[in-house]
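# Summary of the model geometry
So you can see what is in the structure, the chains are spelled out below.
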Number of protein chains: 4
Amino acid sequence: MKKTSGEMNYSDYLHLDKILSAQHPVSHQAHARSAHDEMLFIIIHQVYELWFKQIIHELDSVIAMFQTDIVDEKHVGVAVARLLRMSEIQKVLIQQIDVIETMTPLDFLDFRGYLPGASGFQSMQFRKVENKLGLRPEQRLTYGGCPYHASYTNEAQQEVLQTEQEPSLFHCIERWLERTPFLGHTSFDFRSAYLNNYLAIIQREKESMLADGSMSAHERKLRTDMAEQSATYIRAALDPTSYEKLRAEGQHRFSHQAFLGALFINLYRDEPILYEPFRLLSALLNIEEYFSIWRHRHSLMVRRMIGSKIGTGGSSGFDYLKSTVEKHVIFTDLAHLSNFYMSRSSLPPLPQDVQEALGFRYVSRTTMDNSAS
Amino acid sequence: MKKTSGEMNYSDYLHLDKILSAQHPVSHQAHARSAHDEMLFIIIHQVYELWFKQIIHELDSVIAMFQTDIVDEKHVGVAVARLLRMSEIQKVLIQQIDVIETMTPLDFLDFRGYLPGASGFQSMQFRKVENKLGLRPEQRLTYGGCPYHASYTNEAQQEVLQTEQEPSLFHCIERWLERTPFLGHTSFDFRSAYLNNYLAIIQREKESMLADGSMSAHERKLRTDMAEQSATYIRAALDPTSYEKLRAEGQHRFSHQAFLGALFINLYRDEPILYEPFRLLSALLNIEEYFSIWRHRHSLMVRRMIGSKIGTGGSSGFDYLKSTVEKHVIFTDLAHLSNFYMSRSSLPPLPQDVQEALGFRYVSRTTMDNSAS
Amino acid sequence: MKKTSGEMNYSDYLHLDKILSAQHPVSHQAHARSAHDEMLFIIIHQVYELWFKQIIHELDSVIAMFQTDIVDEKHVGVAVARLLRMSEIQKVLIQQIDVIETMTPLDFLDFRGYLPGASGFQSMQFRKVENKLGLRPEQRLTYGGCPYHASYTNEAQQEVLQTEQEPSLFHCIERWLERTPFLGHTSFDFRSAYLNNYLAIIQREKESMLADGSMSAHERKLRTDMAEQSATYIRAALDPTSYEKLRAEGQHRFSHQAFLGALFINLYRDEPILYEPFRLLSALLNIEEYFSIWRHRHSLMVRRMIGSKIGTGGSSGFDYLKSTVEKHVIFTDLAHLSNFYMSRSSLPPLPQDVQEALGFRYVSRTTMDNSAS
Amino acid sequence: MKKTSGEMNYSDYLHLDKILSAQHPVSHQAHARSAHDEMLFIIIHQVYELWFKQIIHELDSVIAMFQTDIVDEKHVGVAVARLLRMSEIQKVLIQQIDVIETMTPLDFLDFRGYLPGASGFQSMQFRKVENKLGLRPEQRLTYGGCPYHASYTNEAQQEVLQTEQEPSLFHCIERWLERTPFLGHTSFDFRSAYLNNYLAIIQREKESMLADGSMSAHERKLRTDMAEQSATYIRAALDPTSYEKLRAEGQHRFSHQAFLGALFINLYRDEPILYEPFRLLSALLNIEEYFSIWRHRHSLMVRRMIGSKIGTGGSSGFDYLKSTVEKHVIFTDLAHLSNFYMSRSSLPPLPQDVQEALGFRYVSRTTMDNSAS
């Protein structure tokens, strides 16, 4: 790195004067000396907030790239890289719980009485992350009967509520999936072709059951019934009208068109042009899973630290956190897609023109490996 | 390491001939070549089984040490080390999920059809681990209506059911906790002293609320009610009769005496003689938490891989696994102990004779640091 | 999963009879009961060997795909996935060291005397992994003066030496890089364009130093000298003849053409057609780094466990392992490429026709996002 | 947690106004918009500095407890907990490298030119950590010929140099080890008893070699020579005078008395009173190893990011970092202790009175498990 005389140094660049002077244990006020472990409590929360800022930085940039009607193919690659970075950060967030768990409940009690209420629950940045990912206000669990922003100043409240209104990552991805090409390609009707093949698979299964002499009548009935249910399940999901009914019941969140787009990308992900879209969907599912894991571990840590007063009335921090594992979810539709997969050998073949459109152009394919000749 | 002429080599010692010749992909039978990823599927399951064998090896040794009426003090230290090792293995079990997740659902579908049913659900060793830890038969979730050992041979069934009958780790720890000394020491009645101090704390809290002019009448009512509930909660848990009632309702699993022992150890853990007992309880809680994390991650992985057919009737592997996170628990009493902690400064002081009994003997304390003088 | 009457079960499928009956502690022979920790020693080594088998399975499949003169574009994507899987396995190999470190040196000494010599050093599979990656026989450190296969049976020796002869991953990647298209494209001479731009950057730097009045004469001399050295360094690497000289000295391993290919891919990695090649090179560098980390941690663990007798003559296991961190390297050329990067804004622009050849075809780019319109 | 009307909230408590407003990308000054990845670069360095502050907090508290002539037995337990916490933080520091590696070299080049020189090398807190652990000024590698504090302001320089003068953790531990009791106990001379037993083991080995007819004369010579060397090695280390000579050569850092104390603790660590001392030494070794791992991974990351200009003259950041792995070490003596271990069955038995002094007192041992009877 180049260095010139009057140059800024490392400490100035990172504004370490501010960063390293922002730890003020409150237990100090009550005692001659502060509780040793309060420093850890402060620093780990500050570290979490710094990482949340970074996550927001990544989220904002991806949302900005996906808000346009036409998403540049290069942007998909960049988005994938940034979502994967988010997951690496999430792994660190999870790992950090091992650090906080070195503080035992008794050590926590040495200063807990002096702390402001509700702690982590009040993190404004984490609420923004949830909103920007696409958590819907109506999904939110309340804690102690108050809206999540009850403790904020008016200004902060406005700022957070604003993120409920802005287009979320979920929204952008849904719109982008709806525009997946080839779904309505003239020479290939993906929806019908897929449905036909899936129903044919089930039909073959049923026939093989009927032909299997080793099966008892009871078992045969059971299994053919299950096969029927599968057929009904698939048919309902593929039909726009019944899909909307299931969606209203909460079984799906994506629009039908976005659902079909995501299914197409997952089934034909071996096509080079779908590599990046497939990676994008996988990266989103990773983020969903890592938040689930973080919430789960977080809830275990809180239970270990402050318990969960069963029978005292009022829900505990542990109960709240445990419930968010189930309820504060966003991209579960992507996980449920596995219900609709079929093996590669059963996939409807793509017509020649679709296939060509999905591959790299001929010229690059040849030069890629023939330049030496 | 020394080497002599006729000596056994590394490969013989590890019986690698058996270990490395035990991978036989079944997809091979149906195709000219097997599905590439079936090898990973086989190997990772074999690795899991090897680790389960190691976990059982550790569990058995700890149970054996704790089955006697008098547990040698040195054995507690050894037990702690082995339980901590179990947790290090559990971390590897969790990390391995990142490996299996490199197999995408479509890759899995390339051979899934040839696999034996129910897979991991059938692991006999894992069932033994659950039984040896102390999972009660009545706690077990059924899957598809059958008992967990339905698919086993008669011999295997006997073997697993046997572990339901043998003393479990939970049982041994409960007995050991019941024998915690000092609980009924002549000069110190822990139960009464603890209860008095806890109720005094609550009383002081209530008084400070009544004196706080800035609080609204509504808020004061709310908070004094909560304080009352806490007092009731603590009183009930400390009283043997009402504790048994709560225990019958499932709010506790430990006997009352074991509960008191565990509470005592946690509250007075700064006493050197309680270091190892405290570490033991912490290690058990770690094991409980890591299995919870593993089950949670496992369920997410299964959902991602094979989905969760909502609406097809019959519970899915995902639903089953997700429920075991909540239901297949053993040492949660240790986590709930945090509900009963008070800060060090509020703890009933130990009488001089108890304190001496809890410290190292005088002679060692002096020589420990005075030998240079 | 479907289940039929006579079907194979989980245990049969995994051949658990073989896997779980292959642990035979030798300390048992000398004592009434075996040393408790020998079981861990056996099992963790068996687990390592299972993972090595899996790594070889992945390596073989990637090498097979890259041995042809024309590598199908889809194969690059598959290779990337398999190399990334290898890295996930490597992370587990590293994590497992935390498990073995729960065994203390004294526990190890309880059975160490009964063990076969040299232990892990004798792993035939690990030697194969090194050979298949591309470790050259002449790079290998010897241990105790013997070739690494000295302790093998004749048959095993043949088998391992065979892998020294077969095309390695390094070899295949080098050949593939040499065929990188566009390097010699008629309208774009990458080598000259790159060199010109790099030298122009250095020239501008020198001019700005000369114009900087705040710099002392001494500092200016120092810095202009460094800039000159950089120019010399870059010129030498870009020139085929001087590159070969440096290569003979061991500063490079790739052929000059492969070096240029790898540089081109890294610099223009934002072009969609280079996404997969870039990912492939990154994945190889990951593998290199994770083996480096594993060797380093392994050496620390061995030092902790059995020490390193300084002054006894003869190199220790620790010394050997520590040296392999530096010496048993394969793809370091990929790490050194960073010496040749320039910022995106300085990159020679690609001519229109090359750019088109590097993008997806026009038709897909439009339909990708316009189908909704 | 309790909440009162006028109470401080989460954001005020953590001073998030300062923490979250301290990110000022410099690439912004040169461009219309800043390089996206500079935010990550700033935030991850700020996070590292926060963790360094926490590590210093733990280190200072442990050093303070060990500076007295008599270390309270309870303090050893607290010190172990805090050193273990340091290792959990170190694991996070290592894990974070996965996050920074999501930034590719080209992304780094988008803003690298605007950065202050030398970056992480200038971290004052990390220098303090090294000094407080006990790195000696004369061990330090220089970088570019300047002392490590060359870039600091006068005030900062004083502050860092101060930590070179203060008692380090190494120094405190050495003093504490020197005071290990029982080393010169009247009824037990550890040094002689140990040496006798070790030499007897070697003697038996030699005799068994001479009796082994299957060994060739050459091999027998080789092995008996090695046994002789071991005897010489052990004798030299146990003799105070020759030990000091080896120490002057750099083979040991601990004083001879501290070396004997550490050896005694490790060999007799099964005695309850030595549990905490043994854990303390293990925790120190963990810290040493994790810093080694962090330095190693750090060096790989730097090489990947900015390369290592071989042949340009002047050492690179990579070369510097790689060398610190070997050179910036503190507690390696603890790792080398393994050279001196013997199996439990060969250990000189402790006389009855020493044994009693090392166990818990009789009264506690009985009541611990007999209260139920």
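Residues numbered from 1 in each chain as written. Chains lettered and ligands numbered in written order. Predicted model: local features only at pLDDT ≥ 70, side-chain atom pairs only at ≥ 80, totals over all residues.

## Here we look at the overall build of chain A
The number of helices and strands found in chain A is 18 helices and 0 strands. Of the contacts formed within chain A by residues at least 6 apart in sequence, a portion of 75% connects residues at least 24 apart. (Helix = DSSP H or I, 4+ residues; strand = E, 2+ residues; numbered from the N terminus. Contact = placed C-beta atoms within 7 Å.)

## Notes on the interface of chain B and chain C
Of the residues lining the interface, 52 residues belong to chain B; the matching set on chain C comes to 52 residues. At 13 residues, helix α4 (residues 38–66) of chain B tops the list of elements feeding residues into the side of chain B that touches chain C. Classifying every residue of the side of chain B that touches chain C by side-chain character gives 24 nonpolar, 18 polar and 10 charged. (Nonpolar A, V, L, I, M, F, W, Y, C, P; charged D, E, K, R; others polar.)

## Let's talk about the environment of Leu83 of chain B
Residue and element names in this part refer to chain B. If you trace the backbone, Leu83 turns up in helix α5 (residues 73–100). On the basis of neighbour counts, which here come to 21 C-beta atoms within 10 Å, the residue Leu83 falls in the buried class. For the pair formed by Leu83 and Leu284, sequence separation is 201 residues and the distance between their alpha carbons is 7.0 Å. Setting aside residues no more than four positions away along its own chain, Leu83 makes contact with Val62, Ala283, Leu284 and Ile287. (Buried ≥ 20, exposed ≤ 12 C-beta atoms within 10 Å, placed from the backbone.)

## Some remarks on the relation of the copies chain B and chain C
Relating one copy of the chain to the other requires a rotation about an axis plus a shift along that axis. Under the fitted operation, chain B is carried onto chain C by 0.0 Å of movement along the axis and a turn of 180 degrees, and the coordinates agree to an RMSD of 0.0 Å. With respect to symmetry, the two chain copies, as superposed, fit the operation of a two-fold axis. (Least-squares fit on C-alpha atoms with pLDDT ≥ 70 in both.)

## Things to note about helix α13 (residues 256–267) of chain B
Under the 1.5 Å per step criterion, the end-to-end length of α13 of chain B is 16 Å for 12 residues, consistent within 8% with the ideal 16 Å. Those residues of α13 of chain B not exposed but buried are His256, Gln257, Ala258, Phe259, Leu260, Gly261, Ala262, Leu263, Phe264, Ile265, Asn266 and Leu267 of chain B. (Expected span 1.5 Å × (residues − 1).)

## Observations regarding the confidence of the model for chain A
Residues and elements named next belong to chain A. Residue-level pLDDT values for chain A average 87, and 89% of them are 70 or greater. Predicted confidence for residues 360–373 stays below pLDDT 50, and this span has 25 contacts to residues more than four positions away or in other chains. Confidence metrics for the complex model read pTM 0.94 and ipTM 0.92. (pLDDT = per-residue confidence, 0-100.)

## Focus: the packing of helix α14 (residues 275–306) of chain B against helix α15 (residues 317–327) of chain B
All names here are of chain B. Two numbers describe how α14 lies on α15: the axes approach to 8 Å, and their chain directions differ by 165 degrees. The pairing of α14 with α15 is recorded here as roughly antiparallel in orientation. In this structure, α14 meets α15 at a crossing whose hand is left-handed. Touching Ser292, Arg295, His296, His298, Ser299, Val302, Arg303 and Ile306 of α14 are Gly317, Phe318, Leu321, Lys322, Thr324 and Val325, all from α15. Tallied by class, residues from the contact of α14 with α15 come to 5 nonpolar, 6 polar and 3 charged. (Axes fitted to C-alpha atoms, helices over the stretch in contact; angles between N-to-C directions. Parallel < 35°, antiparallel > 145°, perpendicular 65-115°, else oblique. Left-handed = near helix turned anticlockwise from the far one by under 90°.)

## Topic: the interface of chain C and chain D
Reports often express the size of an interface as the amount of accessible area lost when the parts come together. Of the residues lining the interface, 35 residues belong to chain C; the matching set on chain D comes to 35 residues. Looking at the side of chain C that touches chain D, the elements that each hand over two or more residues are α6 (105–112), α11 (217–238), α14 (275–306) and α16 (332–336) of chain C. Considering each element in turn, the side of chain C that touches chain D owes the most residues, 11 residues, to α14 of chain C.

## Describing the environment of Leu84 of chain D
Tracing the backbone shows Leu84 of chain D in helix α5 (residues 73–100). Leu84 of chain D gets classed as partly exposed once you count the C-beta atoms within 10 Å, which come to 17. Remark: the alpha-carbon pair of Leu84 of chain D and Ala283 of chain D, spanning 199 residues in sequence, is separated by 6.0 Å. The residues contacting Leu84 of chain D, other than those within four sequence positions of it, are Thr102 of chain A together with Ala283 of chain D.

## Details of the relation of the copies chain C and chain D
Least-squares fitting of chain C to chain D yields an RMSD of 0.0 Å, with the transformation described by 0.0 Å of translation along the axis and a rotation of 180 degrees. When the interface residues of chain C are mapped onto chain D, 97% of them are again interface residues, pointing to one common binding face.

## Remarks on the packing of helix α4 (residues 38–66) of chain A against helix α9 (residues 169–178) of chain A
Residues and elements named next belong to chain A. Viewed as axis vectors pointing N to C, α4 and α9 meet at an angle of 30 degrees, and their least axial separation amounts to 9 Å. With respect to their mutual orientation, α4 and α9 come out roughly parallel. Between α4 and α9 lies a crossing of left-handed hand. Facing Leu59, Val62, Ile63 and Phe66 of α4, the residues of α9 in contact are Leu169, Cys172, Ile173 and Trp176. Broken down by class, the residue content of the contact of α4 with α9 amounts to 8 nonpolar, no polar and no charged.

## Observations regarding α11 of chain C
Residues and elements named next belong to chain C. A rise of 1.5 Å per residue sets the reference length of α11, with its 22 residues, at 32 Å; its end C-alpha atoms lie 32 Å apart and thus fit the reference within 8%. Every buried residue of α11 is listed here: Ile234, Ala237 and Leu238. Viewed end-on, α11 has its buried residues packed into an arc of 100 degrees, placing them on one side of the element. Away from its buried face, by an angle of more than 90 degrees, α11 presents the exposed residues Ala217, His218, Lys221 and Asp225. (Arc of directions from axis to C-beta.)

## Quick word on the environment of Leu284 of chain C
Residue and element names in this part refer to chain C. Structurally, Leu284 can be placed in helix α14. Counting along the chain gives 200 residues from Leu284 to Leu84, while the straight-line C-alpha distance between them is 8.6 Å. Once you skip the residues sitting within four places of it in the chain, Leu284 turns out to touch Leu83, Ile173, Phe331 and Leu334.

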